[in-house]
Every structure is written in C-alpha cells, then in structure tokens.
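Given next are the chains, with one letter for each unit.
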Amino acid sequence: MRVVVPVKYVPDIQSDRRFDPDGVVVRSSTDGTLNELDEVAVEAALRLVEAAPGERTDHQVIALTVGPADAELALRKAYQLGVDNAVHVVDDAIAGSDYFSTAAVLSAAVGRLAQDEPVDIVITGMAALDSLGSVVPSLLAANLDWPQLLIARELTVDGGVASIERELDGVSEFQSAPLPVVVSVNDHIAAPRYPNFSSIIAARTKAIDTLSLADLGVGDLEVGAGAAGTRVISAQPREPKAPVVIHVDDGDGGTALADFLISRGLV
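Notes on the structure follow. (Residues numbered from 1 in each chain as written. Predicted model: local features only at pLDDT ≥ 70, side-chain atom pairs only at ≥ 80, totals over all residues. Heavy atoms only, no water.)

## Here's the deal with the side chain of R76
Phase 1: By the secondary structure assignment, R76 is in helix α2 (residues 72-81).
Phase 2: Aside from chain neighbours lying at most four places away, what touches R76 is A203, R204, T205, K206 and I208. (Helix = DSSP H or I, 4+ residues; strand = E, 2+ residues; numbered from the N terminus. Contact = heavy atoms within 4.5 Å.)

So, in structure tokens, the structure goes:
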C-alpha cells in the first residue's frame, strides 16, 4: 500500500496573523509549524499501513507539501512522526495561489509519484488552520478523478476498498469506495504519536525530494496570485480583548450579573 499525505506549513495558531502588502499571509520560520490537523492525517496513514497485511517495509507513507523553502520544516516534523519519504514542491511562481491552484499542484504531484509506483490513497486533514477552507480534499479528488470519502473518524481498507465512518449532525454514516481514493480525516480519528529522541535527530538529515512546476508540467500562469479566483483587498488587526471585569459579590452579585448581560444584549 502506498499512501500520500499532503501536509501544510502554517503560522502557529497562537501567533499573530497578518498579511503582506499584496494580501498574502505572512509565513516565517520563526512561528511556522506543521498544520495540527495534518499531524492527525499522518497518524491515520501510519496506522493504516501498520495494520495492512505483509511487512511494514512493503508499505509506504509519503508526506507531500507545496510551499516556500521554509515549508521543509513541516516535512521534517512529518519525518519525526514516522513517514517514510517526503516530497516538497517549491517554486517562486506558486506564491499567492488559491485553493484551486494549490489543489492542481498537489494533484499533479500525486500523479508524478504514481508514475513510479501506484498511489492507493491520499489522506488529508479536514482543514488547514491558517484558512479553514476545507475544500482542498474535494478539489484533489476532482482533479485526480478519484472518489472521495470525507471527514472520516474511522478508516479501514480491505480487498481494495476503503471504508469510513463519519458523524454529521449526530448521525453516523458509513461510506466506502474502491481504491485509489482521497480521504479526509477529522481530529477524532487518532491522536498523533509523540516522536522519540532518535526520530527527531534522524529527521534532521533525511532526504527530501524537491519538484518544480516544470517537473510537474504545470505552467506558471496556472498558479500564483494572478491565477487566483479571490484576493484580499484589505485587512485590519482584530480589536484587542476588553479587560476582564471582576466583581466581588457583596450581596449584589445577581444584580451585577443581570446588568452585565443586559449591557451586552444577551437578555
């Protein structure tokens, strides 16, 4: 079994978000990290191949990212978690790409990997925490012309068929599709494992294959801000939080609470 996991290098969720003058999210190695929901996807892929028949060496998990040079850090973290190989699509023309262009590059990269050996499953996180678009898995499936199984909380593969369970609005759904397939997983499917010291050290020097747009047969005009269907016109920093109000109850706590709720339009 060969599994590809697209991963994304995103600003730390606790850091201040900002745009550059061109309306593109500022990303720097000082606060960047592997998207947390992609860590879950990596874990789901690892558990899938560990449960597959045969030796672990018969199966492969490949982390794939699209991004600038700093995005290598996301692949290093994926190596720490246990992936077998890593691929980095890096090209200056990609900067400013929207969901559609990003998915086109990712699908071209999956197609390139499949030329060497068939890819059975693409497993993604359900969203990237820098934008929360949640559309790339569907766009990937459409570009690859593969079936899609989305927001899985359980995933199994048997006899060339992938099956998932997912929960929507309190209802459990069971879906299946033949391989190859694109699967997105939610954050309940598996808790990412903690890398040990040896895997952290080994990840620093493991090889990362790099690909350019030319390698994938994708033209410069198909990606980047110029090809994007949307753009950020303006953005303002969010307002600072109001200071916390602490009221010492001297017998008027109920009245103070009611006044507070009324002033906020909550009652």
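Still to come is the rest of the account.
## Remarks on the pairing of strand β4 (residues 60-66)
Phase 1: Within β4, six of the seven residues are buried, which leaves the element mostly enclosed by the surrounding structure.
Phase 2: Summarising the sheet, strand β1 (residues 2-6) and β4 pair through five bridges and their orientation is parallel. When the sheet's bridge partners are listed, R2 is paired in β4 with Q60.
Phase 3: For β4 and strand β5 (residues 85-89), the ladder comprises five bridges, and the chain directions are parallel. (Buried < 20%, exposed > 50% of the residue type's maximum accessible area, 1.4 Å probe, protein only. Pairing = 2+ DSSP bridges.)

## Side note on the pairing of strand β9 (residues 161-168)
Phase 1: Alignment of strand β8 (residues 154-158) against β9, held across five bridges, turns out to be antiparallel. Along β9, the bridge assignment pairs V157 with A162.
Phase 2: The antiparallel hairpin formed by β8 and β9 contains two residues in its connecting segment, where G159 sits at a positive phi of about 60 degrees.
Phase 3: Strand direction decides the pairing type here: β9 and strand β10 (residues 171-178), joined by eight bridges, are antiparallel. Its bridge partner lying in β10, V161 is registered against P178.
Phase 4: In sequence, β9 turns back onto β10 through a hairpin of two residues, with D169 there showing a positive phi of about 55 degrees.

## Regarding the environment of G226
Phase 1: Looking at the secondary structure, you find G226 in the loop between α6 (213-216) and α7 (253-263).
Phase 2: On a C-alpha basis, the gap between G226 and D98 in space is 9.8 Å, while along the polypeptide they are 128 residues apart.

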